Amino acid sequence: MKMKCPIPIRGLCIALLLMAVRFDAHTAEPIVENDPRNAKWVNQPLAYRFQALDGRIVESDQYRGKVVLLDFWATWCGPCIRELPHVIDAFKKFNKAGFEIVGFSFDQNPNALATMVRDLGMTWPQSFDKSGQPALAAQLGIETIPSMWLLDRSGRVRFTNARVDLEKKIQQLLDEPYEDGAPHPQEYYAASAGTDGGKKPKANPYAAWGRTTNQPTNQPAATKAEVKLKGIINSARLQQAMLSVDGTSITVESGQSRNVTLDGKPVTLKCESIAEKKVTLRLGSGETAKTLDLVLAD
C-alpha cells in the first residue's frame, strides 16, 4: 500500500524528503567546476521565454542586472532534493542584493511540483513541460540533474556547475562592476550548434545571437542610433526580437506592437516580421509610419 502524507504532517514529510537519497533516470555525477560537455556555453548569453507553472510569463531579458541561477531539477530526484536547502538558503541570503533563481523542472506531474514549491516557500518561477523535458535543458544538452548554471548581470553563462561553492560564486558575480540599465554587450556570437550522430548540425533555436550591424536599409537618419537589434530567437515555438530602444531593453514577438519612447516621444513600435538574421519593424502609424530593417551580421 502506498503511503501518503496527511496534511497536518506535510511539513515533516517534506523535511524527511529533503534528507532522502534517491537516484532515478537522471542521476548525479561527480561534481566539477565547469562541465567540459557544456564548455561552449561559458561566457555566452542565454535567451529563454516560457509560461511558468503559476501562469506568469518569464523571459531572460527581465533579469538584466541580476545574477541568475538556472536550477534544473525534479521533485523525484534525490540528489536534487538534497541540494534544495542550499538553494533556498542562497536565495534568502542574496535575493535583496540582486540574486534570482529560475527553475526548470523535469517533473511530469504538475501537482507534485506545485505542492513542493508551495510547501518549501520557493517563490521563484518554475518552467514545467508535461513531457518532463524542459526545452532549454534539451537545447543546452543537459542530461543529468541536479544541474545549476549561474549567469552574470549581463545574462552570460559564467558557471555551468554552480553546485561547487554556490554562495561564493554568487557573491563573486554580485561584486563585479555593472552599469545598471546598460545595453547588452555589443559582441554576441551564435553558440555552436550541436550535432546529431554525425548528421547535419541541428539549428540552435536560441541563435542567432551575433554582432549587430544596426544599419537598416531604409531607416531615417534621425533614428539610426536609437533602435538596435541585440538578438533573435527564431524557432518553431517562438519568434522574438530583442531590441534596445533609446537604451531601454525590450522584447517583441512577430506581429506584436509595443508602446515605446523614442527620442523623448511616445511611438508605437510593431514587429512586422522576424527572419533568421533580419527583423522588420514599423514605427508610428498612418502615413507618417516608417519601416525599419535591422540585420544581424555574420
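Rules used in this analysis
Residues numbered from 1 in each chain as written. Predicted model: local features only at pLDDT ≥ 70, side-chain atom pairs only at ≥ 80, totals over all residues. Heavy atoms only, no water. Salt bridge = Lys/Arg side-chain N within 4 Å of Asp/Glu carboxyl O. Helix = DSSP H or I, 4+ residues; strand = E, 2+ residues; numbered from the N terminus. Buried < 20%, exposed > 50% of the residue type's maximum accessible area, 1.4 Å probe, protein only. Pairing = 2+ DSSP bridges. Right-handed = clockwise from strand over helix to strand, strands pointing away. Core = buried A, V, L, I, M, F, W, Y, C linked by side-chain atoms within 4.5 Å. Contact = heavy atoms within 4.5 Å. Axes fitted to C-alpha atoms, helices over the stretch in contact; angles between N-to-C directions. Parallel < 35°, antiparallel > 145°, perpendicular 65-115°, else oblique. Left-handed = near helix turned anticlockwise from the far one by under 90°. Nonpolar A, V, L, I, M, F, W, Y, C, P; charged D, E, K, R; others polar.

Participant: Just checking my understanding: could you explain the pattern of salt bridges for this structure?
Facilitator: Think of it this way: side chains of opposite charge can pair up when their charged atoms draw near. With the rule as written, the count across this model stands at nine salt bridges. Across the pair Glu-253 and Arg-49 runs a salt bridge, and its minimum N-O distance is 3.0 Å. Taken together, the residues Glu-253 in strand E10 (residues 248–253) and Arg-49 in strand E1 (residues 49–51) connect sequence positions 204 residues apart. Since its relative accessible area comes to 30%, Arg-49 is described here as partly exposed. Overlapping salt bridges, with partners in common, bring together Asp-152, Arg-156, Arg-158 and Glu-176 in one network.

Participant: When you look at the pairing of strand E4 (residues 99–105) in this model, what are you seeing that I'm missing?
Facilitator: Sheet faces and side chains relate simply in a regular strand, where the side chains alternate between the two faces. Within E4, seven of the seven residues are buried, which leaves the element mostly enclosed by the surrounding structure. Side chains of E4 alternate between two faces, with Phe-99, Ile-101, Gly-103 and Ser-105 and Glu-100, Val-102 and Phe-104 buried alike. Pairing of strand E3 (residues 67–73) with E4, which is carried by seven bridges, proceeds in the parallel orientation. Directly across from Leu-69, in E4, lies its bridge partner Ile-101. Between the parallel pair E3 and E4, the chain is carried across by helix H2 (residues 78–94), and the sense of this crossover is right-handed. Where E4 and strand E5 (residues 126–127) come together, two bridges link them in parallel fashion. Its bridge partner being in E5, Gly-103 is matched across the sheet by Gln-126. With helix H3 (residues 110–119) bridging E4 and the parallel E5, this β-α-β connection has right-handed handedness.

Participant: Just checking my understanding: could you explain the pairing of E10 for this structure?
Facilitator: Where strand E9 (residues 239–245) lies against E10, six bridges are found, and the strand directions are antiparallel. Its bridge partner lying in E10, Leu-243 is registered against Ile-250. Counting the residues that bridge the hairpin from E9 to E10 gives two residues, and of these Asp-246 lies at a positive phi of roughly 50 degrees.

Participant: I tried to follow the nonpolar core on my own but got confused; where do I start?
Facilitator: Soluble globular proteins: nonpolar side chains tend toward being buried together. Counting 50 residues, the largest nonpolar core has Tyr-48, Leu-70, Phe-72, Trp-149 and Leu-150 as its most contacted members. Those elements giving two or more residues to this core turn out to be E3, H2, E4, H3, helix H4 (135–140), strand E6 (147–151), strand E7 (157–159) and helix H5 (166–175). Looking at this core element by element, the count peaks at eight residues for H2. Excluding residues that lie within four positions of it along the chain, Phe-72 makes contacts with Phe-104, Phe-106, Leu-136, Ala-137, Leu-140, Ile-142, Ile-145, Pro-146, Ser-147 and Trp-149. Core analysis: the second largest hydrophobic core is formed by 20 residues, Ile-232, Leu-243, Val-252 and Leu-281 among them.

Participant: What should I look at first to understand the packing of H2 against H5 in this one?
Facilitator: Each pair of packed helices gets described by two things: the angle between the helix axes and the distance between those axes. Remark: H2 packs on H5, axes separated minimally by 10 Å, with the N-to-C direction vectors making an angle of 30 degrees. With respect to their mutual orientation, H2 and H5 come out roughly parallel. In this structure, H2 meets H5 at a crossing whose hand is right-handed. Along its contact with H2, which presents His-86, Val-87, Asp-89, Ala-90, Lys-93 and Phe-94, the element H5 presents Leu-166, Glu-167, Ile-170, Gln-171 and Leu-174. Residue classes in the contact of H2 with H5 are distributed as six nonpolar, two polar and three charged.

Participant: Help me understand the sheet that holds strand E14 (residues 290–295) in this model?
Facilitator: The strands making up a sheet are joined through hydrogen bonds of the backbone, oriented either antiparallel or parallel. Taken in spatial order, the four strands make up an open sheet running E11-E12-E13-E14, and their pairing is antiparallel. Pairing within the sheet leaves two strands with one partner each, and these edge strands are strand E11 (257–262) and E14. Within this sheet the neighbouring strands show an average axis-to-axis angle of 35 degrees, counted without direction. Examined bridge by bridge, strand E13 (residues 278–283) and E14 share six bridges and lie antiparallel to one another. Bridging across to E14, Lys-278 finds its partner in Val-295.

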